[in-house]
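The chain contents come next:
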Amino acid sequence: MPETILVVDDDPDIARFVEVNLRSAGYDVSVASDGEEALERAASLRPDLVLLDVMMPRMSGYEVCQKVRENAAWQGIRIVMLSAKGRDIEVSKGLAVGADAYVTKPFSTKDLLARVGEMLGE
């Protein structure tokens, strides 16, 4: 059974780019456009991996990550933060709330698939 990945990004172009590339690689992919929708999807899907945009309206990726980490039912979900900023402070903040890794936008298909494979132990 393919791993389930939840892609969360309020930019539809980025979300679509990630979704298409992950589906092409054989992953089961679901997409959410904001943090609230992400939490709803996480509850119903129990994804193996969440690719989570840092900056979103209403609820930031940092807040979503923290809520996932606080929920005992979601233990084991891997989280990769997607950020347009490559600054150390952004990476530190994401890792502090429980992200497992970071990817800085823009990223190539090769970089995306390598990070996903790394997070899923492939």
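Please refer to the structure placed before this passage.
What follows deals with the overall build of the protein chain. Assigned secondary structure in the protein chain consists of five helices and five strands. Here the protein chain holds 122 residues, and 47% of them are scored as buried. For the protein chain, the share of sequence-separated contacts (at least 6 apart) that also reach a separation of at least 24 residues comes to 61%. Accessible surface computed for the protein chain: about 6200 Å², of which carbon and sulfur atoms make up 50%.

The subject of this paragraph is the packing of helix α2 (residues 35-45) against helix α3 (residues 61-70). Closest axis-to-axis distance for the α2/α3 pair is 9 Å, and the angle between their directions is 25°. Between α2 and α3, the angle is such that the two are roughly parallel. For α2 against α3, the interelement crossing comes out right-handed. Of α3, the residues touching α2 (which contributes Gly-35, Ala-38 and Leu-39) are Val-64, Lys-67 and Val-68. Grouping the constituent residues of the contact of α2 with α3 by class yields four nonpolar, one polar and one charged.

Moving on to the packing of aromatic side chains. With the rule as written, the count across this model stands at one aromatic pair. Between Phe-17 and Phe-107, the aromatic rings sit 6.2 Å apart at their centres with planes inclined by 50°, giving tilted as the arrangement. One end of the pair, Phe-17, is in helix α1 (residues 12-24); the other, Phe-107, is in the loop between β5 (101-104) and α5 (109-119), and 90 residues separate them in sequence. Take Phe-17: its relative accessible area is 32%, and that puts it in the partly exposed class.

Most of strand β4 (residues 78-83) sits out of view: five of its six residues are buried. Relative to β4, strand β3 (residues 49-53) runs parallel, the two sharing five bridges. Within β4, the position partnered with Leu-51 by the bridge is Val-80. As for the winding sense of the linkage, the β-α-β connection from β3 through α3 to β4 is right-handed. Pairing between β4 and β5: four bridges, direction parallel. Looking at β5, one finds that Val-80 is bridged to Ala-101.

Turning next to α3. Among the residues of α3, those classed as buried are Gly-61, Tyr-62, Val-64, Cys-65 and Val-68. One face of α3 carries all of its buried residues, which in axial projection span an arc of 165°.

As a further point, take the pattern of salt bridges. Applying the stated rule across the entire model yields 10 salt bridges. Of the charged contacts, one joins Lys-105 and Asp-9 as a salt bridge, the two residues approaching to 2.9 Å between their closest N and O atoms. A residue pair is termed long-range when its members are at least 10 positions apart, and Lys-105 in the loop between β5 and α5 and Asp-9 in the loop between β1 (4-8) and α1 qualify at 96 residues. Assigned by exposure class, Lys-105 and Asp-9 land together as buried. Put simply, Arg-16 and Glu-19 hold a salt bridge, and the shortest N to O gap is 3.3 Å. In this pair, Arg-16 and Glu-19 both sit in helix α1, three residues apart, roughly one turn of the helix. Given a relative accessible area of 15%, Glu-19 falls into the buried group. Bridged by salt links that share partners, the residues Asp-9, Asp-53 and Lys-105 form one connected network.

What counts as what
Residues numbered from 1 in each chain as written. Predicted model: local features only at pLDDT ≥ 70, side-chain atom pairs only at ≥ 80, totals over all residues. Heavy atoms only, no water. Helix = DSSP H or I, 4+ residues; strand = E, 2+ residues; numbered from the N terminus. Buried < 20%, exposed > 50% of the residue type's maximum accessible area, 1.4 Å probe, protein only. Contact = heavy atoms within 4.5 Å. Areas by Shrake-Rupley, 256 points an atom, 1.4 Å probe, with all protein chains shown as cover. Axes fitted to C-alpha atoms, helices over the stretch in contact; angles between N-to-C directions. Parallel < 35°, antiparallel > 145°, perpendicular 65-115°, else oblique. Left-handed = near helix turned anticlockwise from the far one by under 90°. Nonpolar A, V, L, I, M, F, W, Y, C, P; charged D, E, K, R; others polar. Phe/Tyr/Trp six-rings, centres within 6.5 Å; stacked < 30°, edge-to-face > 60°. Pairing = 2+ DSSP bridges. Right-handed = clockwise from strand over helix to strand, strands pointing away. Arc of directions from axis to C-beta. Salt bridge = Lys/Arg side-chain N within 4 Å of Asp/Glu carboxyl O.

None of this, on its own, says anything about what the molecule does.
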